[in-house]
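Observations on the model geometry
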Amino acid sequence: MHIDQDKQDKIVLKIASGKEKGNAVWFMRQAGRYLPEYSRIRGDRKFLDMMKDYKTIVEITRLPLNYFDTDALVIFSDILIPATRMGYSISYEGGIIIIKKKDYFDYYDPLAKAIREIASLHSGKTIIGITPGPFTFLSYLYDNGDRGYPNTKKAIVEKRENIDSIIDELVNFSKIQAESGADVIQIFESWIGNVSNNFYEKYLKEIESEYLTRLRELNRPLIFFSEGSSHLFKEICSLQADVYSIDWRTDFYYLKKFCDECIVQGNLDPNLLSLEESYIDSEINRIMTDGSRMRGHIFNLGHGVPIWAKPERLKFIVKKVKEFE
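Now for a look at the structure at hand. Nothing here was measured: the structure is a model prediction, and the numbers come from that model.

1. Describing the packing of aromatic side chains
Within the structure shown, the criterion is met by twelve aromatic pairs. A centroid spacing of 5.7 Å and a plane angle of 85° characterise the contact between Phe-27 and Phe-68, whose relative ring orientation is edge-to-face. In this pair, Phe-27 is assigned in the loop between α2 (11–16) and α3 (38–42) and Phe-68 in the loop between α5 (54–62) and β1 (72–74), connecting sequence segments 41 residues apart. As far as burial versus exposure is concerned, Phe-27 and Phe-68 are alike and both buried. With centroids separated by 5.1 Å and ring planes inclined at 50°, the aromatic side chains of Phe-199 and Tyr-203 adopt a geometry described as tilted. You can see Phe-199 and its partner Tyr-203 sitting in helix α10 (residues 197–216), four residues apart, about one turn around the helix. On the basis of relative accessible area, Phe-199 is assigned to the buried category, the value being 11%. Given a relative accessible area of 28%, Tyr-203 falls into the partly exposed group. Pairwise contacts between aromatic rings join Tyr-38, Phe-47, Phe-76 and Tyr-92 into one cluster. We note Lys-100 situated over the ring of Tyr-88; from NZ or CZ to the ring centre the distance is 4.3 Å. We note Arg-249 situated over the ring of Trp-248; from NZ or CZ to the ring centre the distance is 4.3 Å.

2. What about the pairing of strand β7 (residues 243–246)?
Regular strands have side chains that alternate between both faces of the sheet. Burial of β7 is two-sided: the residues Val-243 and Ser-245 facing one way and the residues Tyr-244 and Ile-246 facing the other way are all buried. Both strand β6 (residues 222–226) and β7 contribute to a ladder of four bridges, which runs parallel. Bridging from a neighbouring strand, Phe-224 pairs with Tyr-244 of β7. Note that β7 and strand β8 (residues 263–268) share three bridges and pair parallel. Residue pairing for β8: Val-243 is matched across the bridge by Ile-263.

3. Observations regarding the nonpolar core
Ranked by size, the top nonpolar core spans 114 residues in total, and within it Phe-27, Leu-204, Phe-299 and Ile-317 carry the most contacts. Those residues in contact with Phe-27, other than ones at most four positions away along the chain, are Phe-68, Thr-70, Val-74, Asn-300, Leu-301, Val-305, Leu-314, Ile-317 and Val-318.

4. Overview of unusual backbone geometry
The amide bond that connects Gly-22 to the next residue, Asn-23, takes the cis arrangement and shows omega of -5°. Tracing the chain through its elements places Asn-23 in the loop between α2 and α3. Residue Gly-266 is joined to Asn-267 through a cis peptide bond whose omega torsion reads -10°. The backbone of Lys-10 sits at a positive phi, close to 50°, despite the residue not being glycine. With a phi angle near 60°, Asn-219 is a residue other than glycine that sits in the positive phi range. Along the chain, Asn-219 falls in the loop between α10 and β6.

5. Observations concerning a negative patch on the surface
The grouping of Asp-164, Glu-206, Glu-210 and Glu-217 at the surface amounts to a negative patch. The topology assignment puts Glu-206 in helix α10. For Glu-206, a relative accessible area of 70% gives the class exposed.

6. Comments concerning the state of the cysteines
Per the counting criterion, the structure on display carries one disulfide. A sulfur-sulfur distance of 1.7 Å marks the disulfide that ties Cys-259 to Cys-262. One disulfide, between Cys-259 and Cys-262, carries an S-S torsion of 100° and so falls in the right-handed class. In terms of burial, Cys-259 and Cys-262 fall into one category: buried. Cysteine Cys-237 is unpaired, with the sulfur of Cys-262 as its nearest cysteine sulfur at 4.2 Å.

The rules behind each value
The numbers attached to residues start from 1 for each chain and follow its sequence in the written order. With pLDDT at 70 or above as the cut-off, local features in this predicted model cover only qualifying residues; side-chain atom pairs require 80 or more to be listed or tallied, and sums for whole chains, interfaces and linings still use all residues. To get the side-chain values, take all heavy atoms of the structure and skip hydrogens and water. Paired rings are identified among Phe, Tyr and Trp, the last through its six-membered ring, by centres lying within 6.5 Å, and are further divided according to the angle between planes into stacked (under 30 degrees), edge-to-face (over 60) and tilted (the rest). Note on conventions: DSSP H or I runs of at least 4 residues are helices, E runs of at least 2 residues are strands, and numbering of each starts at the N terminus. The buried label applies to any residue whose accessible area, calculated with a 1.4 Å probe on protein chains only, is under 20% of its type's maximum; exposed applies above 50%, and partly exposed to all values in between. Criterion for a charge above a ring: Lys NZ or Arg CZ within 6 Å of the ring centre, and within 35 degrees of the ring normal. Only strands joined by at least two bridges in the DSSP assignment are considered to pair. Take the buried Ala, Val, Leu, Ile, Met, Phe, Trp, Tyr and Cys residues and link them wherever side-chain atoms come within 4.5 Å; each set so joined is a nonpolar core. Whether two residues touch is decided by their heavy atoms; if any such pair falls within 4.5 Å, the residues are in contact. Patch criteria: residues need more than 30% relative accessible area and no salt bridge. Like-charged residues are merged within 9 Å; nonpolar side chains of Val, Leu, Ile, Met, Phe, Trp and Tyr are merged within 5 Å. Shrake-Rupley sampling with a 1.4 Å probe provides the accessible areas, and residues are treated as covered by the protein chains on show and by no other component. Criterion for a salt bridge: a side-chain nitrogen of Lys or Arg within 4 Å of a carboxyl oxygen of Asp or Glu. Only four residue types enter the tally: Lys and Arg on the positive side, Asp and Glu on the negative side; His and the chain ends are excluded. Lysine's charge is taken at NZ, arginine's at CZ, aspartate's at CG and glutamate's at CD. Disulfide assignment relies on a single distance test, namely cysteine sulfur atoms paired within 2.5 Å.

Below you can see the structure in the form of structure tokens.
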């Protein structure tokens, strides 16, 4: 199939902006540990040591292109980096641990430098910056990511004074990326599915609405990702993100009930990547067909690439998506 290169340039940005309908593909967590070279590049360094080196961020961000030609590059970073600006120290080794201890290194500087270089090297690719959703970020501060999130919910109900300052820093994190060359910002509100409709409506909706309002001032399309959140679709759609990235549990038609004009992203089950190519092919065709009925569709997984995934399988997916008619 002939692909018009001009049309493909920054195609993810064009779809997210409502200027194109498809086809496009990238993968959440595509720059990660499943890639053979990742361990060599990391060596014996801790994760935050890599975040101090802009060359490492550039190298790992670009690494997937050795295996498949996705339409976007997602910056190799982490949604918890803003915590280092708030008086916290983070350890990723052996599970995420956040403690109240000042980390004096400015991780935003190498991040910004890396994005500028990546954007200059790949002018035809959409550069995707990442930022946390408020609930997900708070869940790591108050509950270290443990499910149930009792301390997080308590802090939100009690309207802790520091929540406003936290939102300020999350916006700043996104702003740094946008100003450095990120074309699109993906909001990872991954754990929002752990709250009820009632809790969301009473305590979270105002916080999230204000957050997205401020992010829209950056003039970058916003992709809103959440997992296990179909019971919140009505409320989430009112946030007016540019794109809604949903997990593999829910078909696009269900989101369409609440947002007929939504642009969607997703949603192949990443837990099925070890199955035969014939099965994956049928799933791609189903998802692409469903996506074609939406205002716009960006193919992705319903969550991040698992550590056991084979790059060859992702290469197969990219090929099939781009061949779809």
